[in-house]
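Now for the letters of each chain:
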Number of protein chains: 2
Amino acid sequence: MGKREFALGIDVGGTNIKAVAIDARGRELRREGVSTPSVGREPLIAAVRMVARRLDGGDARWIGLCSPGLAARDGRSIVWMQGRMEAVQGLDWTGALASKRTVWVLNDAHAATVGEAWLGAARERRHAVLLTLGTGIGGGILVDGRLLQGTIGRAGHLGHLSLDPFGLPDICRSPGSLEDAVGDSTIERRTGGRFTSTADLVEAVEAGDAQAGSVWSRSVRSLAAGIASLINVLDPEIVVLGGGIALAGDTLFVPLRRELDEAEWRPLGQPVPIVPAELGDYAGAIGAARHAMSIDSAVLGAEG
Amino acid sequence: MGKREFALGIDVGGTNIKAVAIDARGRELRREGVSTPSVGREPLIAAVRMVARRLDGGDARWIGLCSPGLAARDGRSIVWMQGRMEAVQGLDWTGALASKRTVWVLNDAHAATVGEAWLGAARERRHAVLLTLGTGIGGGILVDGRLLQGTIGRAGHLGHLSLDPFGLPDICRSPGSLEDAVGDSTIERRTGGRFTSTADLVEAVEAGDAQAGSVWSRSVRSLAAGIASLINVLDPEIVVLGGGIALAGDTLFVPLRRELDEAEWRPLGQPVPIVPAELGDYAGAIGAARHAMSIDSAVLGAEG
């Protein structure tokens, strides 16, 4: 072996590009983050190349990349990306980075799920659900130890559960969706313009503000209903909550678990544990790295 | 081989016991149905034995059985059954039937899913969702060609999706559930006592009754919201609808597909096909037979 083999994982987000160099045992060698250029494909590619170079990406045995959108079936690009990051749509990253290795591409929430399943809150679990609670609500599903991508890479879009068939459609047309009931993008609408972020709302809740408390209770109850639904559909061993809203800690988890004492079906008595994600902002980059390792292992028919 | 090898599949339902003898290529040799004895474990076992004997069950290479409830992890019994059929809870069917072969046990909706995936509407599909629309709403999920059972066998309880976090709890505690919005068990409540079955409601809808039409529209829209949710979570190739309510045919499928034109997220343009189940009342028995074959193959590491 001589030199230590490692994977490069790159998370190309709307705000930042984050990357890690990590070995097959999960030991992180280096990490790097830069701002995402605001317009155009060429500046984006140049920024990703620069980050890869700083992490000695040319020496990486495996390269994985994630970004918003649906990953193509062949795993080499994002085949569809709504509004936000059109620059990545249809971009073959292996070619764009002039990489000797295939650059394996995943949806970012899927990558975070793989990361948490490898080294985070869902490690050693065979069935798990990750919800990322932020501007929108994303997610990922682990079934029998493997990421569920589905037919066109749409699986795990957990924010688009409908919680009201007669409600307003969300950005994915789902009526009265979980995302619109909980995500940061609707916080102004849900608070009559009083708050512009869930973090501010949570601060007011913690200060004892009754009106804020009432809005928050509705959000938490909606999230509990969504989680109870997912438990009945997927029967996971664990539900992991990531994203900015999960940083509310006990202000979220205590009432959420109480709501689940009501709404969760527990035929054998035990609740499904609801826990915070562990890998933070680099979960996607770590998961993208792991994904590249595991595809390579599957292709070679050997352990990576 | 000489004699033709076959599997016995037995569906132990609340009303009837249905059984098939079927070979590994899916050729059905015989089928049988009898009424389920109304009380007690011994009469139930005796009835199942009788059906098995009539189908030459003693010569079967594989035996599978399904019934309501959650299948145990070891696949030899139903470990939990709510209210309806307590006689099956904890019953080891291999012992009860004094069978030389292990009797492999599945949840009935799971078995129907396996059946439809083998010989019915979901054949040759790798990702599929089955919803059974009857007194309650059950279901099953196929992921990468395999039945998703989950951690405790609870996966696929699709009727217990919440469509209203602030609604009344259903029998599995889910607030404002899909089952309560669509299932036969709430038809009186939803029609102000005017109808006692969905079949009667559908008949009135087809006769142009406006009040019936309005109730039906709400049901269909709720079902569409549930299906759109499941498409966003699981990204199936196909959604199969079985059970008595699916017999409404165009009266169900036409408005349902129209609702999904609104509520379904179609990033690549195509709708997910929504189709009727094909195997009818014996889907569970057929799926139970197939399940036994495939476990045996997995255990032996060879094709069954």
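Residues numbered from 1 in each chain as written. Chains lettered and ligands numbered in written order. Predicted model: local features only at pLDDT ≥ 70, side-chain atom pairs only at ≥ 80, totals over all residues. Heavy atoms only, no water.

Colleague: Teacher, can you tell me more about helix H6 (residues 198-206) of chain B here?
Modeller: The periodicity of an α-helix, 3.6 residues per turn, causes residues three or four places apart in sequence to face the same way. All names here are of chain B. Along H6, the residues that are buried comprise Thr198, Leu201, Val202, Ala204 and Val205. Taken down its axis, H6 places every buried residue within 160 degrees of arc, on the same side. Exposed positions of H6 whose direction lies more than 90 degrees from the buried face are Ala199, Glu203 and Glu206. Against the buried residues of H6 lie helix H4 (178-182), helix H5 (187-190), helix H7 (210-234) and helix H8 (250-263). Residue Gly208 follows H6 closely and has a positive phi angle near 90 degrees. (Buried < 20%, exposed > 50% of the residue type's maximum accessible area, 1.4 Å probe, protein only. Helix = DSSP H or I, 4+ residues; strand = E, 2+ residues; numbered from the N terminus. Arc of directions from axis to C-beta. Contact = heavy atoms within 4.5 Å.)

Colleague: I would appreciate a short explanation of the interface of chain A and chain B in the present structure.
Modeller: Interface size, as often reported, equals the accessible area lost upon joining of the parts. Between chain A and chain B, the contact holds 53 residues from the first and 53 residues from the second. For the chain A and chain B pair, buried surface summed over both sides reaches about 4600 Å², with 60% attributable to carbon and sulfur atoms. Seen at the junction of chain A and chain B, the total is four salt bridges. The salt bridge partner of Arg154 of chain A is Asp235 of chain B, with a shortest N-O separation of 2.9 Å. If you look at where chain A meets chain B, you find 29 residue pairs in polar contact (both at pLDDT 80 or more). Sorting the residues of the side of chain A that touches chain B by element identifies strand E6 (78-80), strand E9 (137-143), helix H7 (210-234) and helix H8 (250-263) of chain A as the ones contributing at least two each. For the side of chain A that touches chain B, the element with the most residues is H7 of chain A, which contributes 10 residues. (Buried area = accessible area lost by both parts, 1.4 Å probe. Salt bridge = Lys/Arg side-chain N within 4 Å of Asp/Glu carboxyl O. Polar contact = N/O pair within 3.5 Å; in protein donor to acceptor, adjacent residues only side chain to side chain.)

Colleague: What exactly am I supposed to notice about the pairing of strand E1 (residues 7-12) of chain A here?
Modeller: All names here are of chain A. Where burial is concerned, most of E1 is hidden: six out of the six residues are buried. For E1 and strand E4 (residues 62-67), the ladder comprises five bridges, and the chain directions are parallel. Directly across from Asp11, in E4, lies its bridge partner Cys66. Direction of pairing for E1 relative to strand E2 (residues 16-22): antiparallel, over a ladder of six bridges. Bridge pairing in E2 places Asp11 opposite Lys18. Turn length for the E1-E2 hairpin, with the two strands adjacent in sequence and antiparallel, is three residues. (Pairing = 2+ DSSP bridges.)

Colleague: Would you mind going over the relation of the copies chain A and chain B with me for this structure?
Modeller: What relates the two chain copies is a rotation about an axis together with a slide along it. The two copies are related by a screw operation: chain A maps onto chain B through 180 degrees of rotation and 0.0 Å of translation along the axis, at an RMSD of 0.0 Å. Classification of the inter-copy transformation places it as that of a two-fold axis. Minimal C-alpha distance to the rotation axis in chain A is attained by Leu163 of chain A, lying at 2.2 Å. Of the residues that chain A buries at the interface, 100% are likewise interface residues in chain B, meaning the two copies contact each other through the same surface. (Least-squares fit on C-alpha atoms with pLDDT ≥ 70 in both.)

Colleague: What am I meant to see in the sheet that holds strand E12 (residues 274-276) of chain B here?
Modeller: Within a sheet, neighbouring strands are paired by backbone hydrogen bonds and run either parallel or antiparallel to one another. All names here are of chain B. Read across the sheet, five strands follow the order E10-E9-E8-E11-E12 without closing on themselves; strand pairing throughout is mixed. In this open sheet, the two edge strands, each paired with only one partner strand, are strand E10 (146-147) and E12. Where strand E8 (residues 128-133) and strand E11 (residues 238-242) come together, five bridges link them in parallel fashion. Residue Leu131 lies in a different strand from E11, and its bridge partner there is Leu241. Where H8 meets the sheet, it contacts E8, E11 and E12, and its direction lies at approximately 165 degrees from that of E12. (Axes fitted to C-alpha atoms, helices over the stretch in contact; angles between N-to-C directions.)

Colleague: I tried to follow the sheet that holds strand E7 (residues 103-107) of chain A on my own but got confused; where do I start?
Modeller: Residue and element names in this part refer to chain A. One open sheet holds the five strands; their spatial order is E3-E2-E1-E4-E7, and the pairing between them is mixed. Each edge of the open sheet is held by one strand with a lone partner, namely strand E3 (28-35) and E7. Direction aside, the axes of adjacent strands within the sheet are offset by 15 degrees on average. Sheet topology note: the E4/E7 ladder contains five bridges and is parallel. When the sheet's bridge partners are listed, Leu65 is paired in E7 with Val105. Together, E1, E2, E3 and E4 form the strand contacts of helix H1 (residues 41-54), whose direction differs from that of E3 by roughly 155 degrees.

Colleague: How should I be thinking about the packing of H6 of chain B against H7 of chain B in this particular structure?
Modeller: In helix packing, the relevant descriptors are the interaxial angle and the interaxial distance, both defined with respect to the helix axes. All names here are of chain B. Remark: H6 packs on H7, axes separated minimally by 8 Å, with the N-to-C direction vectors making an angle of 120 degrees. It follows that H6 is oblique to H7 by the angle criterion. At the point where H6 passes H7, the crossing takes the left-handed sense. Along its contact with H6, which presents Thr198, Leu201, Val202, Ala204 and Val205, the element H7 presents Ala212, Gly213, Val215 and Trp216. Grouping the amino acids of the contact of H6 with H7 by side-chain chemistry returns seven nonpolar, two polar and no charged. (Parallel < 35°, antiparallel > 145°, perpendicular 65-115°, else oblique. Left-handed = near helix turned anticlockwise from the far one by under 90°. Nonpolar A, V, L, I, M, F, W, Y, C, P; charged D, E, K, R; others polar.)

Distances and angles like these do not, on their own, reveal function.
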